[in-house]
Amino acid sequence: MSPIEFLATRQSNGFLTSPAPSADQLNAIFTTAIAVPDHAGLNPYKFHQIQGDGLTKLTNYYVEAIKSVTDDPVKIAKAEKMAYRAPLLIVVSTYYKQHAKVPKQEQLVTAGCAAHAIQMASTALGYGAMWRTGDVAYSNIVKQGLGISEDNDIVGFIYIGSKSKELPNKPRKAAEHFIEQWQ
Ligand SMILES: Cc1cc2nc3c(=O)[nH]c(=O)nc-3n(C[C@H](O)[C@H](O)[C@H](O)COP(=O)(O)O)c2cc1C
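Residues numbered from 1 in each chain as written. Predicted model: local features only at pLDDT ≥ 70, side-chain atom pairs only at ≥ 80, totals over all residues.

## Some remarks on the UniProt feature "domain: Nitroreductase" (unreviewed entry) in the chain
At step 1: As recorded in UniProt, the sites labelled "domain: Nitroreductase" (unreviewed entry) are residues 15–161.
At step 2: Segment residues 15–161 splits into 45% helix and 19% strand. End C-alpha atoms: 8 Å apart. (UniProt positions renumbered as here; feature names shortened; annotations may be inferred. Helix = DSSP H or I, 4+ residues; strand = E, 2+ residues; numbered from the N terminus.)

Below, the structure written as structure tokens:
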């Protein structure tokens, strides 16, 4: 598959199981994450690599976060399972730096690019990956549990694992609908 074909046909896969990428593969994945465009080279991101007992610990924060906004037993039961959707979870958050020429929004974009790179590198290695957020991404309880300051943002939870199900290629819209030939 050509690089263009790879980029154009990428898709998420949330049907994930063990094994997760190996240590060497994870090193390769993180290497792509820190190779993204980054104005002034601020490295305005942090990655939490969470597996095993970490998923259990994170679940406690997920549940606490959901219980703080609802007492709906269905939502609480969902929160108890969420972290175990994959054997590996990478939480991508911002790590904003003060810089005269690089506003926070640019740093957020860089962190988003890093999240995309993590998903793409995982896909390139044959794994499935799914970028998720939801209430838990915007919860100070979860942020505090992970040691992320309130003034930073969780950009995404990237769930990664071996695909338990192959998905058919998703039809995409033609790109021309989104392009204006401006003169
Ligand atoms: C910032 C961000 C947050 C997302 N959060 C969720 C989410 O919480 N739940 C979900 O089902 N999909 C979420 N998605 C979308 C999926 O990751 C995925 O992109 C979407 O289902 C389309 O599938 P595709 O990537 O195969 O085109 C999010 C995507 C982005 C970029």
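## Concerning the site of the ligand
At step 1: Lining the immediate surroundings of the ligand are Gln11, Ser12, Met130, Trp131, Arg132, Thr133, Gly134, Gly156 and Lys170.
At step 2: No other element matches strand E4 (residues 128–132), which puts three residues into the shell around the ligand.
At step 3: For the shell around the ligand, the residue count by class is two nonpolar, five polar and two charged. (Near = placed C-beta within 6 Å. Nonpolar A, V, L, I, M, F, W, Y, C, P; charged D, E, K, R; others polar.)

## What about the nonpolar core?
One recurring pattern in soluble globular proteins is that nonpolar side chains are buried together.
At step 1: Core analysis: the biggest nonpolar cluster contains 36 residues, and Tyr62, Val92, Ile118, Ile158, Tyr159 and Ile160 have the highest contact counts within it.
At step 2: The contacts of Ile118, once residues within four sequence positions are left out, are Ile29, Ala33, Ile90, Val92 and Ile158. (Core = buried A, V, L, I, M, F, W, Y, C linked by C-beta atoms within 7 Å. Buried ≥ 20, exposed ≤ 12 C-beta atoms within 10 Å, placed from the backbone. Contact = placed C-beta atoms within 7 Å.)

## So, unusual backbone geometry
At step 1: Omega for the bond connecting Ser18 with Pro19 falls within 30 degrees of zero, at 5°, which places this linkage in the cis form.
At step 2: Residue placement: Pro19 occurs in the loop between strand E1 (16–17) and helix H2 (23–33).
At step 3: In the Ramachandran plot, Ala40 falls in the positive-phi region, its phi being about 70° despite a non-glycine side chain.

## A few points about the environment of Asn140
At step 1: Mapped onto the elements of the fold, Asn140 is located in helix H6 (residues 140–146).
At step 2: Along the backbone, Asn140 and Ala65 are 75 residues apart, and their C-alpha atoms lie at a distance of 7.9 Å.

## With respect to the packing of helix H3 (residues 53–69) against helix H4 (residues 73–82)
At step 1: Closest axis-to-axis distance for the H3/H4 pair is 8 Å, and the angle between their directions is 160°. In terms of orientation, H3 lies roughly antiparallel with respect to H4. When you trace H3 past H4, the crossing you get is right-handed. Here Thr59, Tyr62, Val63, Ile66 and Lys67 of H3 lie close against H4, whose contacting residues are Lys75, Ile76, Ala79, Glu80 and Met82.
At step 2: Looking at side-chain class alone, the contact of H3 with H4 contains six nonpolar, one polar and three charged residues. (Axes fitted to C-alpha atoms, helices over the stretch in contact; angles between N-to-C directions. Parallel < 35°, antiparallel > 145°, perpendicular 65-115°, else oblique. Left-handed = near helix turned anticlockwise from the far one by under 90°.)

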